[in-house]
Amino acid sequence: MSYDEQSLDAATWRHLEKRCHECTHAEIAYVIAELNRQVTEEGLRAAVLQSRIDRCDAMIADCVLQLERWANGGAV
């Protein structure tokens, strides 16, 4: 069994408890839709995490600027 066949079997088994060659076209379409939904959800989670990272980066940059001003005798 090739790697591709193993991957397909793993995907269909996870959702339908069938090997890929046992599935109908409709069942395979269902598995593809489920995989697409999961990818979309993961993408949204990644976007939320990236937004949090960006906010933290901005806060750190702001703190560094304030510390530099303070170190140079300026007001914080």
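Residues numbered from 1 in each chain as written. Predicted model: local features only at pLDDT ≥ 70, side-chain atom pairs only at ≥ 80, totals over all residues. Heavy atoms only, no water.

A.B. asks: Sorry, what's going on with the state of the cysteines here?
C.D. replies: Defined simply, a disulfide is a covalent bond joining two cysteines at their sulfur atoms. What the rule picks out here adds up to zero disulfides. As a non-bridged cysteine, C20 has C23 as the owner of its nearest cysteine sulfur, 5.7 Å distant. No disulfide involves C56; its sulfur sits 11 Å from that of C63, the nearest cysteine. Owing to a relative accessible area of 39%, C56 belongs among the partly exposed residues under this scheme. (Disulfide = S-S within 2.5 Å. Buried < 20%, exposed > 50% of the residue type's maximum accessible area, 1.4 Å probe, protein only.)

A.B. asks: How should the environment of W70 be read in this particular structure?
C.D. replies: Mapped onto the elements, W70 comes out in helix 2 (residues 25-71). Distance in space between the C-alpha atoms of W70 and G43 is 40 Å, their sequence separation being 27 residues. (Helix = DSSP H or I, 4+ residues; strand = E, 2+ residues; numbered from the N terminus.)

A.B. asks: Looking at this structure, I do not really get helix 2. What am I missing?
C.D. replies: Along an α-helix, residues three or four positions apart point the same way, because every turn accommodates 3.6 residues. Its 47 residues place the ends of helix 2 68 Å apart at the C-alpha level, agreeing with the 69 Å of an ideal helix rising 1.5 Å per residue. Once helix 2 finishes, G73 follows within two positions and takes phi at roughly 90°, a positive value. (Expected span 1.5 Å × (residues − 1).)

A.B. asks: When you look at the pattern of salt bridges in this model, what are you seeing that I'm missing?
C.D. replies: When the charged atoms of two side chains with opposite charge come close together, those side chains can pair. A complete count under the given rule lists six salt bridges for this structure. Taking the shortest distance from any N to any O, the salt bridge between R19 and D9 comes out at 3.1 Å. Of this pair, R19 sits in the loop between helix 1 (3-16) and helix 2 while D9 sits in helix 1, and the two are 10 residues apart along the sequence. Given a relative accessible area of 12%, D9 falls into the buried group. The partner of R37 in a salt bridge is E34, with the nearest N and O atoms 2.8 Å apart. Note that R37 and E34 are positioned in helix 2 at a spacing of three residues, about one turn of the helix. According to the relative accessible area criterion, R37 is partly exposed, its value standing at 36%. (Salt bridge = Lys/Arg side-chain N within 4 Å of Asp/Glu carboxyl O.)

A.B. asks: Which parts of the structure should I look at to understand the environment of C23?
C.D. replies: With respect to the secondary-structure elements, C23 resides in the loop between helix 1 and helix 2. Expressed as a C-alpha distance, the spacing of C23 and W13, which sit 10 residues apart in the sequence, is 9.8 Å. When residues no more than four places from it in sequence are discounted, the contact partners of C23 are T12, L16, K18 and I28. (Contact = heavy atoms within 4.5 Å.)

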